[in-house]
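Chain residues, written in single-letter form:
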There are 2 protein chains.
Amino acid sequence: MTNPSAPSAPAPGGVIDLLGLLAYAELVSFFRLADVAGLAPDLVAKGELAGVAATEYRHYRMLHARLEELGADPEAAMEPFVEPLDAWHAGTEPQNWLESLVKIYVGDGIAGDFYRTIADHADAGTAEAVRGAVSESERAEPIAARVRAAVEEDPKLAGPLSLWARRLVGEALSQAQLVAAARPELAGLVARGATGEASGGGEGGGRGDLAAVSRVFAGLTEAHTARLEAMGLSG
Amino acid sequence: MTNPSAPSAPAPGGVIDLLGLLAYAELVSFFRLADVAGLAPDLVAKGELAGVAATEYRHYRMLHARLEELGADPEAAMEPFVEPLDAWHAGTEPQNWLESLVKIYVGDGIAGDFYRTIADHADAGTAEAVRGAVSESERAEPIAARVRAAVEEDPKLAGPLSLWARRLVGEALSQAQLVAAARPELAGLVARGATGEASGGGEGGGRGDLAAVSRVFAGLTEAHTARLEAMGLSG
């Protein structure tokens, strides 16, 4: 029980939003990985990417099931996030195989940050539902290793790929700002998660939370830097 | 034990070929489903297609694992089938959502026919490995139901979609003829499977088997007609 103050309260709107956001993110990542597979240099890499995609699908199913358990319409919960996530993907089309790998690793990492942020701050049942995803957070490590090996072999790649990674996270933050402004309950939940406050079932949101969300983004950016290093890149 | 005459014989070359063919077919289907998802009219349909794709991935893993158990290099086993399967996909690009659904259902059905054909005629371990796939053969039924509903709503669709399905199977048969000619051991195994002969570890293949393969194709075409009917189409 991570949320003893309100264990039996109905899930606040922010939780439905967060599950919807993550569910759509996993679903679209799943499909996006296929575009990348066309660029994969060999069958081993194709199989590896298919495995990452299959993991995204399992997460999608898990989040979808949790939404149903909470009595929410899963597709309705995902709908508000279709536009911002599609916009992120459309604005960051990888031009080659290595850019694709960096994008998968960065995107996966940001999702992982969200999972960790909420795992201890949403209601207990939801925390349980996302914990499965968190425990698989190492799944993208082979992808980081591939990028690192390519950069070690050809150090000139580090500069352009670092810039690419910065653009990925920059575009993600600008979409996230729009989402946070439009979905105050979600912003409140994420902000409480990041600042370690116990979550309540209350309304949340508002201008104070937007400032807290900026702190969340700062935390994400820090984690992003660690991920760049894992790929042999720099912030 | 479906093959008591040679339970401990090494897997004949035809079995490695067949596992390689099916493994690559599952992997490429997995990735192809993503193109389709872009055409899906709603999130429910997207999730459904993702589920079919995830099943393809499980089959790929299963076949890949069986190849490793047999001491084969899975990627080398898949390699001879990359060109004909890619050619089939390239020659049958769906132009809309319903054509995509028909293609998934038809392709899935042909794969299922192969699974059933071999499940009782390859070595026992391989038969075991493919049985998992056979037992999931109902997974594409929601796709047939979607096509049927669309055709019931607009009967004018039946003609063009029936033609499309015929083209799909025609292109598959012409690729299969090329494969059968180039891989006599595989042709021999498939032919034995179709005619109910017990498989041996021998060389197989040759001209006689090519005739038997034609009978296999006739059987596949019959099964194809049943699938068309499931979709509300006609041969």
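Residues numbered from 1 in each chain as written. Chains lettered and ligands numbered in written order. Predicted model: local features only at pLDDT ≥ 70, side-chain atom pairs only at ≥ 80, totals over all residues. Heavy atoms only, no water.

Participant: Help me understand the relation of the copies chain A and chain B in this model?
Facilitator: Here two copies of a chain appear, and what relates them is a rotation about an axis with a shift along it. When chain A is brought onto chain B, the operation consists of a screw motion whose angular component is 180° and whose axial shift is 0.0 Å, with 0.0 Å RMSD remaining. Taken together, the turn and the small shift mark the pair as related by a two-fold rotation axis. In this assembly, 100% of the residues forming the interface of chain A have copies in chain B that are likewise at the interface, indicating an isologous arrangement. (Least-squares fit on C-alpha atoms with pLDDT ≥ 70 in both. Contact = heavy atoms within 4.5 Å.)

Participant: Whenever I open this one, the interface of chain A and chain B confuses me. Can you help?
Facilitator: Note on interface size: it is often stated as the accessible area lost on association of the parts. In this assembly, 22 residues from chain A lie in contact with 22 residues from chain B. In total, about 1,700 Å² of surface goes out of reach between chain A and chain B, with carbon and sulfur atoms giving 83% of it. When residues of chain A are sorted by the area they lose upon contact with chain B, Phe31(A), Leu43(A) and Tyr57(A) head the list and together hold 35% of the total. Put simply, chain A and chain B have zero salt bridges between them. Linking chain A to chain B there are zero residue pairs in polar contact (both at pLDDT 80 or more). The set of elements that each furnish at least two residues to the side of chain A that touches chain B consists of helix 1 (13-37), helix 2 (43-69) and helix 3 (74-78) of chain A. Residue contributions to the side of chain A that touches chain B peak at 10 residues, all from helix 2 of chain A. For the side of chain A that touches chain B, the class distribution of residues is 16 nonpolar, two polar and four charged. (Buried area = accessible area lost by both parts, 1.4 Å probe. Salt bridge = Lys/Arg side-chain N within 4 Å of Asp/Glu carboxyl O. Polar contact = N/O pair within 3.5 Å; in protein donor to acceptor, adjacent residues only side chain to side chain. Helix = DSSP H or I, 4+ residues; strand = E, 2+ residues; numbered from the N terminus. Nonpolar A, V, L, I, M, F, W, Y, C, P; charged D, E, K, R; others polar.)

Participant: Just checking my understanding: could you explain the pattern of salt bridges for this structure?
Facilitator: When charged atoms on two side chains of opposite charge get close, those side chains can pair. Taken as a whole and judged by the stated rule, the model has 12 salt bridges over all chains. Among the ionic pairs, Arg66(A) bridges to Glu69(A), the shortest N-O distance being 2.8 Å. Of the two residues, Arg66(A) and Glu69(A) both sit in helix 2, three residues apart, roughly one turn of that helix. The exposure class of Arg66(A) is buried, given its relative accessible area of 11%. Taking the shortest distance from any N to any O, the salt bridge between Arg146(B) and Glu48(B) comes out at 2.9 Å. Of this pair, Arg146(B) sits in helix 7 (residues 141-153) while Glu48(B) sits in helix 2 (residues 43-69), placing them 98 residues apart in sequence. Judged by relative accessible area, Glu48(B) falls into the partly exposed class, the value being 27%. Ionic contacts of the salt-bridge type, sharing partners, join the residues Arg66(A), Glu69(A) and Asp123(A) into one network. (Buried < 20%, exposed > 50% of the residue type's maximum accessible area, 1.4 Å probe, protein only.)

Participant: What exactly am I supposed to notice about the environment of His64(B) here?
Facilitator: Residue and element names in this part refer to chain B. Here histidine 64 lies in helix 2. Judged by relative accessible area, histidine 64 falls into the buried class, the value being 8%. Linking histidine 64 and tyrosine 24, residues 40 residues apart in sequence, is a C-alpha distance of 9.2 Å. Apart from the residues lying within four places of it in its own chain, the contact partners of histidine 64 are Pro74, Glu75 and Met78.

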